[in-house]
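Here is how the chains run, residue by residue.
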Amino acid sequence: MTTAAPRQVDAAAIQRLLDGEHAEIRARVRALLASEALARPAEPLPPAEYRRKVLEWAQALAAEGGTGLGFPEEFGGMGDVAGSIAAFETLALGDLSLLVKCGVQFGLFGGAVLHLGTRKHHERYLRQIISLELPGCFAMTETGHGSNVQSVETTATYDPRADEFVVETPHPSARKDYIGNAAEHGRLAAVFAQLIVGGESRGVHALLVPIRGEDGRPCEGVELSDCGHKLGLNGVDNGRISFDAVRVPREALLDRYAEVSAEGVYTSPIENPNRRFFTMLGTLIQGRVSVCGGAISAAKAAQTIAIRHADRRRQFGPPDSDEEVLLLDYRQHQRRLLPGLAKTYALHFTQQELIAELERTFSAEDQPERERREIEARAAGLKAVATWHAVEVVQTCRECCGGAGYLSENRFGELHADIDVFTTFEGDNTILLQLVAKGLLTDYRDQFGELDPIETVGFVAGQVYETVVERSAVREIVQRLTDDLIPGREDEHDLLDRDYQLGLLRWREEHMISGVARRLKRGIDAGEEAFDVFNECQDHVIATARAHVDRDVFEAFARTVGRIEDPALEELLSRLCDLYALGTIEADRAWFQEHGRISSTRAKAITRAVNTLCAELRAAAPTLVDGFGIPDAVLRAPIGLRD
Ligand SMILES: Cc1cc2nc3c(=O)[nH]c(=O)nc-3n(C[C@H](O)[C@H](O)[C@H](O)COP(=O)(O)OP(=O)(O)OC[C@H]3O[C@@H](n4cnc5c(N)ncnc54)[C@H](O)[C@@H]3O)c2cc1C
């Protein structure tokens, strides 16, 4: 292993790389966040005032024109999906209630109208949604069903005599719950309900239902209530909605994937109800990708504060010295902060790849279905891992700042409270990782869209078992051979070899996939119920998905480093990429040893290598956070401001 620190790099060069092709949009959002229009009061506001303020900020953003970025030009937007996600990510450097308010209005509500509706809906609503003249809700979750959204119980029954749908909350646990914008500001809601036509249930579909008049009073038959104070995000008015025989015209159905004729004939281009449902959900992927970017930005803010503080704060020192030592010079402090920083960079680069893929998918007329499924799974996995990362980083950074980290002015309290729920909304992380595993286990076959987790078990055992197991087994053998043939396997030199790092991460992933597939098949072959077979392997399934995301994130980081032309920047980020890879392997070294993949000597060498990399990257750490480009006026934390 080398021991020299990488050459110094200009923070501006790092920021150029991170901001990428959306540098201009990001600069505009940074400037807006730092402006008077979005100025945040020094003291926390009482909830009612906070909600009002957040609405005013969102209106200011709409007035500035940026809220239409991701919408088609013909309806007042700018047709720049990737740009809109970059803007959202940057907005997350500021107040997260504002971010979530915008996410609900322009991402979830606007996204449902855009992607699930058809031209008549677009013409009627999109301009008012972009301008925020029509605040709305995305009402999917119910008190009784959150993760299992396919089982929501609100009904929308077609009445052919009146040419209307009747929307009904059949019992209290079917009320819509946690819905952003519902408690105070929302006037129209995209309501997800079981569609009943001619007495037959057609599964979950979305309809636009007015919930509140311009005077702020609930519409007839609509009952609205407030979710009350939350752990965080108290600038967002989350509420509950119940419907008592609320009538809406037939055109209220968002009918891109299913139509109901005046006579009450139901038609859909997608025959299989499961596939139809997952296709509808799939179109809303942009929200998930945005939440993921938001979480990465929150991690960047926390790390900027903690690393700058650690580069100024001194505690203890050698007995013969009259100067104490900087926190960041302590090995343990480096250990707590730098692998996490490497992971934030890794996630950032993966997110940028995902945004580019998403842009291609959205702009292509006929994107192959397999690619769409792969992007959906990638977004699900990255959202889960990035939001968990952000929660962990905020806590670690808070502790790394000691008592100062506990003062509200230094923002960890706010970041902690607000980022927490990112692991739950836009798809609970555990549920999302099951989706990732489903893709891996079914090899993203055609049937992917039709299978729930339990049906996946039978499918794997029956149809793709051979492919999944053989594919991974071949790689396993190849990896074993190449690795065993590497001379000096027990020394540290090849630890920095990208292929070696990739080999380990890939081996773990493939080993887990084939292991799960074998267990599922064995269970089914033994005549067990699919539900029980799946449940017995569930922890294994989730671990497999995480291993897959780790490998994917590493590859994205390595690809980005491979494209950097500036040698000093390449050297620095290459070292950071090593730290991400070896830090990830080290964190699961017990597994690698348990499976005979690395020896204990090797495991110790990896730990030594992580220590060395931390020491080498210590000097560059402040520059690496400067590269995030967070203006002082946006960062706000006194202990985290620039010198
Ligand atoms: C602040 C906030 C804002 C929100 N905004 C909106 C909104 O605007 N619109 C909207 O429609 N919804 C919204 N939601 C709802 C959110 O999407 C749901 O809370 C989320 O989908 C989880 O559902 P749940 O709360 O019912 O949890 P549950 O589904 O009950 O999950 C609880 C726990 O059980 C675990 N679990 C569930 N099923 C399984 C399983 N099969 N195997 C193993 N573990 C399992 C989960 O991982 C989780 O840890 C919001 C929620 C919050 C808190």
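The preceding data block contains the structure.
Just so it is clear, the model here is predicted, and its values are computed rather than measured. (Residues numbered from 1 in each chain as written. Predicted model: local features only at pLDDT ≥ 70, side-chain atom pairs only at ≥ 80, totals over all residues. Heavy atoms only, no water.)

A.B. asks: Explain the sheet that holds strand E8 (residues 238-243) to me, please; I cannot follow it from the model alone.
C.D. replies: Sheets are built from strands paired through backbone hydrogen bonds, the pairs being either parallel or antiparallel. Taken together, the three strands give an open sheet; going across it, the order is E4-E8-E7, and neighbouring strands pair in antiparallel fashion. A strand with exactly one partner marks an edge of an open sheet, and here the two such strands are strand E4 (176-180) and strand E7 (222-226). Going from strand to strand, the sheet's axes swing by 35° on average, the running direction of each strand aside. (Pairing = 2+ DSSP bridges. Helix = DSSP H or I, 4+ residues; strand = E, 2+ residues; numbered from the N terminus. Axes fitted to C-alpha atoms, helices over the stretch in contact; angles between N-to-C directions.)

A.B. asks: What is the right way to read the site of the ligand from this model?
C.D. replies: Residues in contact with the ligand amount to 17 residues; listed here are only the nearest, Phe138, Thr141, Ser147, Asp428 and Gln538. Interatomic distance of 3.4 Å between a backbone N/O atom of glycine 146 and an oxygen atom of the ligand. Alone, the ligand offers 970 Å² of accessible surface; in the complex the protein occludes 65% of this. Listing elements by their share of the shell around the ligand, those giving two or more residues are E4 and helix H12 (429-442). Broken down by class, the residue content of the shell around the ligand amounts to seven nonpolar, nine polar and one charged. (Near = heavy atom within 4 Å. Polar contact = N/O pair within 3.5 Å; in protein donor to acceptor, adjacent residues only side chain to side chain. Areas by Shrake-Rupley, 256 points an atom, 1.4 Å probe, with all protein chains shown as cover. Nonpolar A, V, L, I, M, F, W, Y, C, P; charged D, E, K, R; others polar.)

A.B. asks: In this structure, what is going on with unusual backbone geometry? I would like to understand it.
C.D. replies: Residues other than glycine predominantly adopt negative phi, and peptide bonds predominantly adopt the trans conformation. The phi dihedral of tyrosine 178 falls on the positive side, at around 65°, and the residue is not glycine. Residue position: tyrosine 178 is located in strand E4.

A.B. asks: How should I be thinking about the pattern of salt bridges in this particular structure?
C.D. replies: Pairing between side chains becomes possible if they bear opposite charge and their charged atoms approach one another. Taken as a whole and judged by the stated rule, the model has 50 salt bridges. Salt-bridge contacts for glutamate 357 lead to arginine 378; the nearest nitrogen and oxygen are separated by 2.6 Å. Of this pair, glutamate 357 sits in helix H9 (residues 331-363) while arginine 378 is found in helix H10 (residues 369-400), placing the two residues 21 residues apart along the sequence. In this structure, glutamate 357 and arginine 378 share a single accessibility class: buried. In this structure, glutamate 555 engages arginine 551 in a salt bridge whose closest nitrogen and oxygen atoms are separated by 2.5 Å. Separated by four residues within a single helix, glutamate 555 and arginine 551 lie in helix H15 (residues 530-563), roughly one turn from each other. In terms of burial, glutamate 555 and arginine 551 fall into one category: buried. Connected through salt bridges with shared partners, the residues Arg40, Asp95, Arg411, Glu414 and Arg636 form a single ionic network. (Salt bridge = Lys/Arg side-chain N within 4 Å of Asp/Glu carboxyl O. Buried < 20%, exposed > 50% of the residue type's maximum accessible area, 1.4 Å probe, protein only.)

A.B. asks: Would you take a moment to explain the nonpolar core for this structure?
C.D. replies: Soluble globular proteins tend to pack their nonpolar side chains together in the buried interior. Formed by 182 residues in total, the largest nonpolar core has its most connected members in Leu337, Leu338, Tyr345, Phe557, Leu573 and Leu624. Counting 27 residues, the second largest nonpolar core, distinct from the first, contains Ile179, Val191, Val197 and Ala252. (Core = buried A, V, L, I, M, F, W, Y, C linked by side-chain atoms within 4.5 Å.)

A.B. asks: Where do I start with the packing of aromatic side chains in this structure?
C.D. replies: Within this structure, the stated rule accounts for nine aromatic pairs. What links up through ring pairs into an aromatic cluster is the set Tyr345, Phe349, Phe557 and Phe628. Directly above the aromatic system of phenylalanine 278 lies the positively charged group of lysine 438, at a separation of 4.6 Å from the ring centroid. Arginine 597 extends its terminal NZ or CZ atom over the ring of tryptophan 507, reaching a point 5.3 Å from the ring centre. (Phe/Tyr/Trp six-rings, centres within 6.5 Å; stacked < 30°, edge-to-face > 60°. Lys NZ or Arg CZ within 6 Å of the ring centre and 35° of its normal.)

A.B. asks: Hey, could you run me through the packing of helix H1 (residues 11-19) against H9 in this one?
C.D. replies: Think of two packed helices as two axes; the pair is described by the angle between the axes and how far apart they sit. Where H1 meets H9, the closest approach of the two axes is 10 Å, and the angle between their N-to-C directions is 40°. Between H1 and H9, the angle is such that the two are oblique. Note on element contacts: H9 touches H1 through Tyr345, His348 and Phe349, opposite Ile14, Leu17 and Leu18. For the contact of H1 with H9, the per-class residue count stands at five nonpolar, one polar and no charged. (Parallel < 35°, antiparallel > 145°, perpendicular 65-115°, else oblique. Contact = heavy atoms within 4.5 Å.)

A.B. asks: Explanation requested: the pairing of strand E9 (residues 246-249) in the structure shown.
C.D. replies: Remark: a regular strand shows side chains that alternate across the two faces of the sheet. Burial along E9 is one-sided: Val246 and Val248 are buried, while Arg247 and Pro249, pointing the other way, are not. As paired elements, strand E3 (residues 164-168) and E9 share four bridges and run antiparallel to each other. Counterpart to phenylalanine 165 in the pairing with E9 is valine 248.

A.B. asks: Where do I start with a negative patch on the surface in this structure?
C.D. replies: Taken together, the side chains of Glu528, Glu529, Asp532 and Glu536 make up a negatively charged region of the molecular surface. Note on placement: aspartate 532 falls in helix H15. (Patch = residues over 30% accessible without salt bridge, like charges linked within 9 Å, V, L, I, M, F, W, Y side chains within 5 Å. Lys, Arg positive; Asp, Glu negative; His and termini not counted. Charge placed at Lys NZ, Arg CZ, Asp CG, Glu CD.)

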